[in-house]
Amino acid sequence: MTTAAAQPPRDRALGRGISTLIPQAATATPAEQAAAVLTAMQSVQVRVGVLQAAVVLLEERVRATSDDAERAAAATTVAMLRTAISQAR
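Residues numbered from 1 in each chain as written. Predicted model: local features only at pLDDT ≥ 70, side-chain atom pairs only at ≥ 80, totals over all residues. Heavy atoms only, no water.

Engineer: Give a detailed account of the packing of helix 3 (residues 48-64) against helix 4 (residues 68-88), specifying residues and quantitative values.
Structural biologist: Each pair of packed helices gets described by two things: the angle between the helix axes and the distance between those axes. Packing of helix 3 against helix 4 leaves a shortest axis separation of 9 Å and a crossing angle of 155°. Accordingly, the angle class assigned to the pair helix 3 and helix 4 is roughly antiparallel. The hand of the helix 3/helix 4 crossing is left-handed. Residues Val48, Leu51, Gln52, Ala54, Val55, Leu58, Glu59, Arg61 and Val62 of helix 3 form the contact with helix 4, whose own contacting residues are Glu70, Arg71, Ala74, Ala75, Thr77, Val78, Leu81, Arg82, Ala84, Ile85 and Ala88. Split by residue class, the contact of helix 3 with helix 4 holds 13 nonpolar, two polar and five charged. (Axes fitted to C-alpha atoms, helices over the stretch in contact; angles between N-to-C directions. Helix = DSSP H or I, 4+ residues; strand = E, 2+ residues; numbered from the N terminus. Parallel < 35°, antiparallel > 145°, perpendicular 65-115°, else oblique. Left-handed = near helix turned anticlockwise from the far one by under 90°. Contact = heavy atoms within 4.5 Å. Nonpolar A, V, L, I, M, F, W, Y, C, P; charged D, E, K, R; others polar.)

Structure (structure tokens):
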């Protein structure tokens, strides 16, 4: 007689699915990580207030960073978030 092996408990930590899509390698830049998050979350519903807070934080990065690639990625993300906010209203 055979029996099914017991399954270990599944880790259901919040965000675990998205975190597997985000590059975790030390060589992944913040811009690459942000791009992966945006791609993974395109169909996820988010409250407008969260998007507005993200815009404020990213606008500060645009002003504060000296890294051109980071500045461009943050500015592009701000534009995308603003579009999402305007479509939600």
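Engineer: Give me the lowdown on the environment of Met80, citing residues and values where you can.
Structural biologist: With respect to the helices, strands and loops of the structure, Met80 is situated in helix 4. According to the relative accessible area criterion, Met80 is partly exposed, its value standing at 43%. Note: C-alpha distance between Met80 and Val55 (25 residues apart in sequence) is 9.5 Å. (Buried < 20%, exposed > 50% of the residue type's maximum accessible area, 1.4 Å probe, protein only.)

Engineer: Outline the layout of surface pockets, supporting the account with residue identities and numerical values.
Structural biologist: In this structure, the largest pocket encloses a volume near 690 Å³. Along the wall of the largest pocket there are 24 residues; nearest its centre are Leu38, Met41, Leu51, Thr77 and Leu81. At the level of elements, helix 2 (30-40), helix 3 and helix 4 are the ones that each hand at least two residues to the lining of the largest pocket. In terms of residue count, the dominant contributor to the lining of the largest pocket is helix 4 (10 residues). Of the residues contributing to the lining of the largest pocket, the split by class is 18 nonpolar, four polar and two charged. (1 Å grid on protein atoms, 1.4 Å probe; cavity = no way out; pocket = protein on both sides within 12 Å on 5 of 7 lines; lining within 4 Å. Points joined across faces, edges and corners; volume = space filled by probe spheres on them.)

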